Amino acid sequence: MTALLIILVFAVLLGAVSLAHQIYRLTELDASCRNLKHPKFWGLFSLSGNNGSGGLILYLIGRRKYPITMTSEQQKTMASYKQKAGISLVFIAVSATLLIVLALSGAFPR
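Residues take numbers from 1 onward in each chain, read along the sequence in its written order. It should be noted that, the model being predicted, local features are given only for residues of pLDDT at least 70 and side-chain atom pairs only at 80 or more, the latter also being counted only at that level, while totals for whole chains, interfaces and linings use all residues. Side-chain measures were taken over the full set of non-hydrogen atoms in the model, leaving aside hydrogen atoms and water.

## Side note on the pattern of salt bridges
Moving on, step 1. For this document, the term salt bridge refers to a Lys or Arg side-chain nitrogen within 4 Å of an Asp or Glu carboxyl oxygen. This structure, assessed with the given rule, holds 2 salt bridges.
Moving on, step 2. Here Asp30 and Arg34 are joined by a salt bridge, their closest N and O atoms 3.1 Å apart. Across the pair, exposure class does not vary: Asp30 and Arg34 are buried alike.
Moving on, step 3. The salt bridge partner of Asp30 is Arg63, with a shortest N-O separation of 2.9 Å. The cut-offs for exposure are 20% and 50% of the maximum accessible area for each residue type, with area from a 1.4 Å probe on protein chains only; residues under the lower value are buried, those over the upper are exposed, and the others partly exposed.

This is how it looks when you write it as structure tokens:
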């Protein structure tokens, strides 16, 4: 039972890392489509903040000044990143739900 709990904790962490990577890639692609300087910096900046979204909110507010020009290939790439981010969210939700159910059922040793 303890091994299952450890696996679920690592599954939640894996989903979180995957989601952070997809947000980085989405932000980097969006910044390059808006012709912002240093899109990789904006990708990293979007991940900064104490609660994990402070930089993303600032990026979303600041990017409104720049019009977006996106090719069809970039739109397909953006859709792919969004789909992978959704899969990561589902992975986190399922793993965390199973972890909570096991914790509430008394699976933790005392």
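## Regarding the nonpolar core
Moving on, step 1. Buried residues of nine kinds, namely Ala, Val, Leu, Ile, Met, Phe, Trp, Tyr and Cys, make up a nonpolar core once their side-chain atoms join them within 4.5 Å. By size, the foremost hydrophobic cluster in this structure holds 5 residues: Leu26, Leu29, Cys33, Met78 and Tyr81.
Moving on, step 2. Listed by contribution, the elements that provide at least two residues to this core are helix 1 (2–33) and helix 4 (72–104).
Moving on, step 3. What counts as a helix is a DSSP run of H or I of at least four residues, what counts as a strand is a run of E of at least two, and both are numbered from the N terminus. Residue contributions to this core peak at 3 residues, all from helix 1.

## A word on the side chain of Asp30
Moving on, step 1. As for its position among the elements, Asp30 is in helix 1.
Moving on, step 2. A relative accessible area of 6% places Asp30 in the buried class.
Moving on, step 3. Residues are treated as being in contact if the distance between any of their heavy atoms lies within 4.5 Å. Here Asp30 is in contact with Tyr59, Arg63, Ile68 and Met78, once residues within four sequence places are set aside.

## What to know about the confidence of the model for the protein chain
Moving on, step 1. Every residue carries a pLDDT, the predictor's confidence in it, which falls somewhere between 0 and 100. Per-chain confidence: the protein chain averages 88 in pLDDT, with 92% of residues scoring 70 or above.
Moving on, step 2. Taken element by element, the predicted model of the protein chain shows its lowest mean pLDDT in helix 3 (residues 54–62) (84) and its highest in helix 4 (94).

## As for the packing of aromatic side chains
Moving on, step 1. Working definition: rings of Phe, Tyr and Trp (its six-membered ring) pair if their centres are within 6.5 Å, and the pair is stacked with planes under 30 degrees apart, edge-to-face with planes over 60 apart, and tilted otherwise. Counted by the stated rule, this structure contains 4 aromatic pairs.
Moving on, step 2. Ring centres of Trp42 and Phe45 lie 5.7 Å apart, and the angle between their planes is 90°; on these two criteria the pair is classed as edge-to-face. Residue Trp42 and its partner Phe45 are both found in helix 2 (residues 39–46); the two are separated by 3 residues, about one turn of the helix.
Moving on, step 3. A relative accessible area of 25% means that Phe45 is categorised as partly exposed.
Moving on, step 4. Where Trp42 meets Tyr59, the ring centres are 5.8 Å apart and the plane angle is 45°; that geometry is what we call tilted. Within this pair, whereas Trp42 is found in helix 2, its partner Tyr59 is found in helix 3, the two being separated by 17 residues in sequence.
Moving on, step 5. Given a relative accessible area of 24%, Trp42 falls into the partly exposed group.
Moving on, step 6. The buried category is assigned to Tyr59, whose relative accessible area is 2%.

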